[in-house]
Amino acid sequence: MMTRIFTCFISFLLCTGLAFGQDSTEVKLKHDTLTVTQQVSAGLRIGLDISRFAYLYFQPYRTDVTLMADARLNKNLYVAGEFGYNRTSHSDSNYTYKGNGAFVALGIDYNVLKKQTSKQRNILYVGARYGVALFNYEIPEYHIYDEYWGNSSGSVPKQSDNAQWIELVVGLKAEVFRNFFLGWSLRQRFLTTKRIPEGDFPPLVIPGFGPGNKKSVFDFNYSISYQIPLYNVKIPVFSAKAKPKKGH
Amino acid sequence: MVMAVGFVACDDQTEVCDQVFNADLRALFKYPRPTDGVIVDTTLPYVTVVAKGTDTLFKGATGLKNLSFSLNGTVDSTTYYIKGDSTVTGDTITFKYSRKPHFVSPGCGFATYYTLDTVIFTRYAIDSIRILNREVTTNDDTHLYLFY
């Protein structure tokens, strides 16, 4: 069954690639203005953030999966977003922590790369996102060590929470094979929800945002993505107005 | 460069504890100057401190201007016996407080923070006590004055 679904999916990608992969040029003369536009293949670009897997080495308590997607609206503007899942599990002599949750971040990217032909689809972009995460976390046990009075222990029950943030992005995506892209991005996130009240404890990780005890977070991504060609976008490549002849 | 930036963003917060987070109650010794009544710092010449139910903290410590009382994080009160001079009778001070666990940082874990409720004491050598700050969350603050 899985094999059949996979075969159908690949067939769909190939068919859409053939259907929308044909670029064409259109020349229009209207009101003395000559406009040349080119139909460029566009679609839904879906990617995987492979940098999240590096976290397993640097921050072994984190397991993150982040999918990325964007779609071209016109010559330079893209609607873009990320969504994913995080599971955090940490244990040392001081405390044990368990948490998990999901997030979605939506926004736009604007391509600032000017010097390329209309058929080239590499982008150097700046963008912005608004992110929302829903998550829960708990401290099954903690220990406070006191050599003089004796140690004490306790636990903090599971609590659900949410967080929202604004994110600024700069990055690039390069088409290495037809419809296959590699890219990286740098991100600065600013938490917009209130800070954790004094006395409570913040989450170790807010899914999609990062450390739960910080108000702003710097992050980076490496992505590999595939564009499913679904439609064409008209890109203006030349426009000129005819000059009236002198003496008439 | 992007790789280097990536490593900066990947630091493991659970590895490092770079904060001092013992929360002791700190008291300054005060004395009204007989000539004009102005409150000034004073030094206790020969201090003995015993925490009730445990060992002696200080015996014969000289020249103390202040003292940090470690509060018992397993119960809601701690009693100390304090004697400022070998020639005077010592006093008993009982601190009553509420406790709450406080998450210091991912690297340090939890500490106990205290809110001081009342202070009960004998008046053999101590004249009075003034509470300055009821929240015992750091070692740096001065929480009360002990007047002799």
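Just above, that's the structure.
As the structure is a computational prediction, the values presented were derived from the model and not from experiment. (Residues numbered from 1 in each chain as written. Chains lettered and ligands numbered in written order. Predicted model: local features only at pLDDT ≥ 70, side-chain atom pairs only at ≥ 80, totals over all residues. Heavy atoms only, no water.)

**A look at the overall build of chain B**
So, point 1. When its secondary structure is counted, chain B shows one helix and eleven strands.
So, point 2. Along the chain direction, N to C, the helices and strands of chain B fall in the order α-β-β-β-β-β-β-β-β-β-β-β.
So, point 3. For chain B, the residues scored as buried account for 44% of the 148 residues in total.
So, point 4. For chain B, contacts bridging at least 24 residues in sequence account for 48% of all contacts bridging at least 6.
So, point 5. For chain B, the accessible surface area stands at approximately 7600 Å², while carbon and sulfur atoms represent 50% of it. (Helix = DSSP H or I, 4+ residues; strand = E, 2+ residues; numbered from the N terminus. Buried < 20%, exposed > 50% of the residue type's maximum accessible area, 1.4 Å probe, protein only. Contact = heavy atoms within 4.5 Å. Areas by Shrake-Rupley, 256 points an atom, 1.4 Å probe, with all protein chains shown as cover.)

**Structural notes on unusual backbone geometry**
Keep in mind that most residues, glycine aside, have a negative phi and that most peptide bonds are trans.
So, point 1. Even without being glycine, N179 of chain A reaches a positive phi, approximately 75 degrees.
So, point 2. Residue position: N179 of chain A is located in the loop between β7 (152-177) and β8 (180-191).

**Considerations on the packing of aromatic side chains**
So, point 1. Under the defined criterion, the tally for this structure stands at 22 aromatic pairs over all chains.
So, point 2. Taken together, a centroid distance of 6.4 Å and an interplanar angle of 75 degrees make the contact between Y95 of chain A and F110 of chain B edge-to-face. Of the two residues, Y95 of chain A is situated in strand β5 (residues 95-111) and F110 of chain B in strand β8 (residues 109-121); the pairing between them involves two chains. Each member of the pair, Y95 of chain A as well as F110 of chain B, is classed as buried.
So, point 3. Every member of this aromatic cluster is reached through a ring pair, and the members are Y95, Y97, F135, Y137, Y142 and F201 of chain A together with F103 and F110 of chain B.
So, point 4. Above the face of the Y55 of chain A ring, R62 of chain A is positioned so that its terminal group lies 4.3 Å from the ring centre.
So, point 5. Positioned over the ring face of Y145 of chain B is K30 of chain B, at 4.7 Å from the centre of the ring. (Phe/Tyr/Trp six-rings, centres within 6.5 Å; stacked < 30°, edge-to-face > 60°. Lys NZ or Arg CZ within 6 Å of the ring centre and 35° of its normal.)

**Points about the side chain of N179 of chain A**
Residues and elements named next belong to chain A.
So, point 1. Judged by its relative accessible area of 6%, N179 is buried.
So, point 2. Reaching out from N179, the side chain makes a polar contact with the side chain of R121 at a distance of 2.8 Å.
So, point 3. For N179, the residues in contact, after removing those within four places along its chain, are R121, S225, Y226, Q227 and P229. (Polar contact = N/O pair within 3.5 Å; in protein donor to acceptor, adjacent residues only side chain to side chain.)

**As for the nonpolar core**
So, point 1. Counting residues in each nonpolar core, the largest one holds 29 residues, and the members touching the most others are I82, F95, L144 and L146 of chain B.
So, point 2. Ranked by residue count, the leading element in this core is β8 of chain B, at four residues.
So, point 3. In terms of nonpolar packing, the next biggest core, distinct from the first, is built from 22 residues, Y137, V205 and I206 of chain A together with F110 of chain B among them. (Core = buried A, V, L, I, M, F, W, Y, C linked by side-chain atoms within 4.5 Å.)

**Some thoughts on the pattern of salt bridges**
Residues and elements named next belong to chain A.
So, point 1. Here the structure, examined in full by the defined rule, presents 15 salt bridges over all chains.
So, point 2. A salt bridge links E82 to R129, with the nearest nitrogen and oxygen atoms 3.1 Å apart. Of this pair, E82 sits in strand β4 (residues 77-91) while R129 sits in strand β6 (residues 123-144), and the two are 47 residues apart along the sequence.
So, point 3. A relative accessible area of 5% means that E82 is categorised as buried.
So, point 4. Look at R129 and you get buried, because its relative accessible area is 3%.
So, point 5. Residue E175 is joined to R121 by a salt bridge in which the shortest nitrogen-to-oxygen separation is 2.5 Å. (Salt bridge = Lys/Arg side-chain N within 4 Å of Asp/Glu carboxyl O.)

Coordinates in, geometry out; function isn't part of it.
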